[in-house]
Amino acid sequence: MDRRLFTQLLTLGAGVPGLGHAADQKQEAVAGPRTDKPAGDDATRSGGGSAGQEPVNVEDVTALAKEALPRATFDYISTGSADEITLRENIAAFRRIRVLPPLLKGVSKVDLSTTVLKQRISLPIMLAPVAAQRMYHPQGALAVARAAVAAGTVFGVSSSATNSVEEIAAASRGPKWFQLYVPKDRAVTRQLVQRVERTGFKAIIVTVDLGEWKDADRRNRFALPKEMLVKHLRDVGFDQVSNKMSYQEVFAFNERAWDISLSWEFFEWLRSITKLPLLIKGVLRQQDAEKAVSLGLDGIVVSNHGGRRLDGMPASIDRLSDIVEVVGDRAEVYMDGGVRRGTDVLKALALGARAVLIGRPYAWGLAANGEAGVRKVIELLREETLNAMLTSGCAKVADIERSLIMT
Ligand SMILES: Cc1cc2nc3c(=O)[nH]c(=O)nc-3n(C[C@H](O)[C@H](O)[C@H](O)COP(=O)(O)O)c2cc1C
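Residue indices follow the written sequence of each chain, beginning from 1 at its first position. Side-chain atom pairs in this predicted model are given and counted only at pLDDT of 80 or more, local residue features only at pLDDT of at least 70, and totals for whole chains, interfaces and linings cover all residues.

1. A word on the overall build of the protein chain
And then number 1: Check the secondary structure of the protein chain and you find 17 helices and 10 strands.
And then number 2: Within the protein chain, buried positions represent 49% of all 407 residues.
And then number 3: By the convention adopted here, residues make contact when the C-beta atoms placed from their backbones lie within 7 Å. In the protein chain, the share of contacts with a sequence separation of at least 24, taken over all contacts with a separation of at least 6, comes to 70%. Numbered from the N terminus, helices here are DSSP runs of H or I no shorter than four residues, and strands are runs of E no shorter than two. With C-beta atoms placed from the backbone, a residue is buried if 20 or more other C-beta atoms are within 10 Å of its own, exposed if 12 or fewer are, and partly exposed between those counts.

Here it is, written out as structure tokens:
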């Protein structure tokens with residue numbers, strides 16, 4: 001955005017030509033008409049909130065997702081573990097941080113692009129791995145993959161995305177990282193990693209925070225339909241699973257299939273079978289960050305899994321500085337959890353994150369309007385981040401410094 005557009009923003013308020021609305025029209029054209037829309041989709045197309053207006057922020061998109069989805073699916077995306085202390089804290093901690101922008105920096109243009117693992121992305125926001133995406137929209141991860149490449153960012157593909165890596169790679173040639181949940185059977189793990197390499201993924205994220213305990217899901221008895229669970233397990237490489245099995249049998253197989261007792265040795269094994277950059281996701285303690293870099297991992301995602309794991313863990317943003325301090329420039333540090341505004345992106349970068357990841361915001365966008373919905377969420381956050389940088393005198397991502405944050 002240049003100074004002229006910024007001036008328009010000052011004088012006209014929202015709706016700057018070339019930002020929101022023109023971009024939306026383009027998105028709709030790219031997305032094309034949808035024939036497979038879930039209930040509530042018409043409300044989405046005609047506008048945001050539930051009052052027929054265009055969504056102007058992530059919260060508006062949340063309301064649209066709520067209208068579009070069955071209650072249990074919306075709850076699956078939106079809720080957190082147990083009393084949701086961590087879920088709330090992720091948001092509250094961002095809100096507690098105050099920004100102190102310097103004046104008169106003479107900045108009239110902002111470049112939002114940056115690099116992650118040497119990959120240039122158009123903004124410092126990536127899409128976090130999110131499971132069960134075909135439950136939110138028939139196009140699921142395929143729509144997300146297309147939205148990510150159109151927006152110029154990385155898609156972190158969940159092991160449980162409910163599409164295979166081949167299907168997702170065919171949907172988009174954009175940069176993708178694969179998030180690994182580890183099958184107990186290391187032959188299956190090895191083959192999966194080889195397929196991830198073959199299909200052009202650029203990195204592997206190993207998620208190590210486990211222990212989801214969500215009351216809403218148990219109350220709603222939320223579960224993948226049998227067809228989806230079977231396909232998911234077969235996509236991972238469990239060829240012995242089939243639709244001939246009963247739901248109970250497939251469910252029991254799933255319960256046994258995954259390694260939930262990983263230790264640091266796993267990374268040594270993984271390093272021995274792949275040359276792809278490796279990241280660890282779920283780090284909150286300095287000691288764990290130190291161990292990760294000492295093993296030569298390339299990136300660390302400071303994360304509490306969006307408050308979906310052990311309740312009572314601190315906000316990711318509150319752990320970021322400590323992790324950045326021990327890691328230094330030995331690995332790249334990212335964070336996720338509670339990013340809902342461009343100012344959150346600014347705060348996270350000021351506290352040392354190379355980029356942030358978003359989970360729920362784009363899952364809600366997907367539910368609300370498929371590929372166009374995901375793009376809308378990214379564009380809203382892009383505009384907000386751009387505005388936050390411009391008003392803080394930051395012409396480029398590298399200008400976002402710790403001194404912007406009041407201590
Ligand atoms: C519906 C949902 C499913 C998720 N599934 C996964 C997953 O399969 N693998 C993973 O590493 N993280 C998963 N996450 C966690 C996200 O990657 C990310 O850490 C979290 O959503 C960030 O918080 P936010 O939702 O506040 O942005 C999931 C999150 C949500 C909301």
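Don't stop here, the text continues.
2. Topic: the confidence of the model for the protein chain
And then number 1: Confidence along the protein chain averages 90 in pLDDT terms, with 87% of residues attaining 70 or more.
And then number 2: Below pLDDT 50 for its whole length, residues 6-49 participates in 60 contacts with residues either more than four positions away or in separate chains. pLDDT gives the predictor's per-residue confidence on a scale running from 0 to 100.

3. Side note on the site of the ligand
And then number 1: Only the C-beta atom matters for nearness: placed from the backbone, it must lie within 6 Å of the molecule or strand for the residue to count as near. With respect to spatial proximity, 24 residues lie near the ligand, and among them Ala128, Thr207, Gly306, Gly359 and Arg360 are the closest.
And then number 2: For the shell around the ligand, the elements supplying multiple residues, two or more each, are helix 5 (71-78) and helix 17 (360-391).
And then number 3: Just so you know the grouping, Ala, Val, Leu, Ile, Met, Phe, Trp, Tyr, Cys and Pro go in nonpolar, Asp, Glu, Lys and Arg go in charged, and all remaining residues, Gly too, go in polar. When its residues are assigned to classes, the shell around the ligand shows 9 nonpolar, 11 polar and 4 charged.

4. Re the packing of helix 14 (residues 286-294) against helix 15 (residues 316-327)
In a pair of packed helices, the angle between the axes and the distance between the axes together describe the arrangement.
And then number 1: In this analysis an axis means a line fitted to C-alpha atoms, helices contributing only their contacting stretch, and an angle means the value between N-to-C directions, from 0 to 180 degrees. Contact pair helix 14 / helix 15: the axes reach a minimum separation of 9 Å and the direction vectors enclose 35 degrees. Handedness of the crossing formed by helix 14 with helix 15: right-handed. Residues Gln286, Ala289, Glu290 and Val293 of helix 14 form the contact with helix 15, whose participating residues are Asp322, Ile323, Val326 and Val327.
And then number 2: For the contact of helix 14 with helix 15, the class distribution of residues is 5 nonpolar, 1 polar and 2 charged. Each crossing gets its handedness from the near helix: less than a right angle anticlockwise from the far helix is left-handed, clockwise is right-handed.

5. Comments concerning unusual backbone geometry
And then number 1: Phi at Ala82 takes a positive value of approximately 50 degrees, unusual for a residue other than glycine.
And then number 2: Structurally, Ala82 can be placed in the loop between helix 5 and helix 6 (85-96).
And then number 3: The phi angle at His305 is positive, at roughly 65 degrees, despite the residue not being glycine.
And then number 4: Following the sequence through the fold, His305 ends up in the loop between strand 8 (299-302) and helix 15.

6. Here's the deal with the packing of helix 7 (residues 140-151) against helix 17
And then number 1: Two elements in contact, helix 7 and helix 17, have axes separated by 8 Å at closest approach and are oriented at 15 degrees. Relative to helix 17, the element helix 7 is oriented roughly parallel. The way helix 7 lies across helix 17 gives a crossing that is left-handed. Contacts from Ala143, Val144, Arg146, Ala147, Ala150 and Ala151 of helix 7 reach helix 17 at Tyr362, Leu366, Gly370, Glu371, Val374, Arg375 and Ile378.
And then number 2: Taken together, the residues that form the contact of helix 7 with helix 17 break down as 9 nonpolar, 1 polar and 3 charged. Small angles under 35 degrees read as roughly parallel and large ones over 145 as roughly antiparallel, with 65 to 115 read as roughly perpendicular and the rest as oblique.

7. A few points about the nonpolar core
And then number 1: Counting residues in each nonpolar core, the largest one holds 113 residues, and the members touching the most others are Leu127, Val144, Ile300, Ala348, Ala353 and Val356.
And then number 2: With 15 residues, the top contributor of residues to this core is helix 17.
And then number 3: Apart from residues no more than four positions distant in its own chain, Ala353 is found in contact with Leu320, Val333, Tyr334, Met335 and Ala348. The term nonpolar core means buried Ala, Val, Leu, Ile, Met, Phe, Trp, Tyr and Cys residues held together as one set by C-beta atoms within 7 Å.

8. So, the environment of Met406
And then number 1: By the secondary structure assignment, Met406 is in the segment after helix 17.
And then number 2: With 309 residues separating them in the primary sequence, Met406 and Ile97 have C-alpha atoms 7.3 Å apart.
And then number 3: Once residues lying within four places of it in the same chain are set aside, the contact partners of Met406 are Arg98 and Leu100.

9. Re the pairing of strand 10 (residues 355-358)
Consecutive residues of a regular strand have side chains that alternate between opposite faces of the sheet.
And then number 1: Across the two faces of strand 10 the burial is the same, with Ala355 and Leu357 and Val356 and Ile358 all buried.
And then number 2: Examined bridge by bridge, strand 3 (residues 125-127) and strand 10 share 3 bridges and lie parallel to one another. Paired with Leu127 across the strands is Ile358, a residue of strand 10.
And then number 3: Being paired, for any two strands, means DSSP has found at least two bridges between them. Bridging between strand 9 (residues 332-336) and strand 10 involves 3 bridges; their strand directions are parallel. For Met335, the partnering residue across the bridge sits in strand 10 and is Val356.
And then number 4: When the strands point away from the viewer, a crossover counts as right-handed if the path from the first strand over the helix to the second runs clockwise. For the crossover from strand 9 across helix 16 (residues 342-350) to strand 10, the handedness is right-handed.

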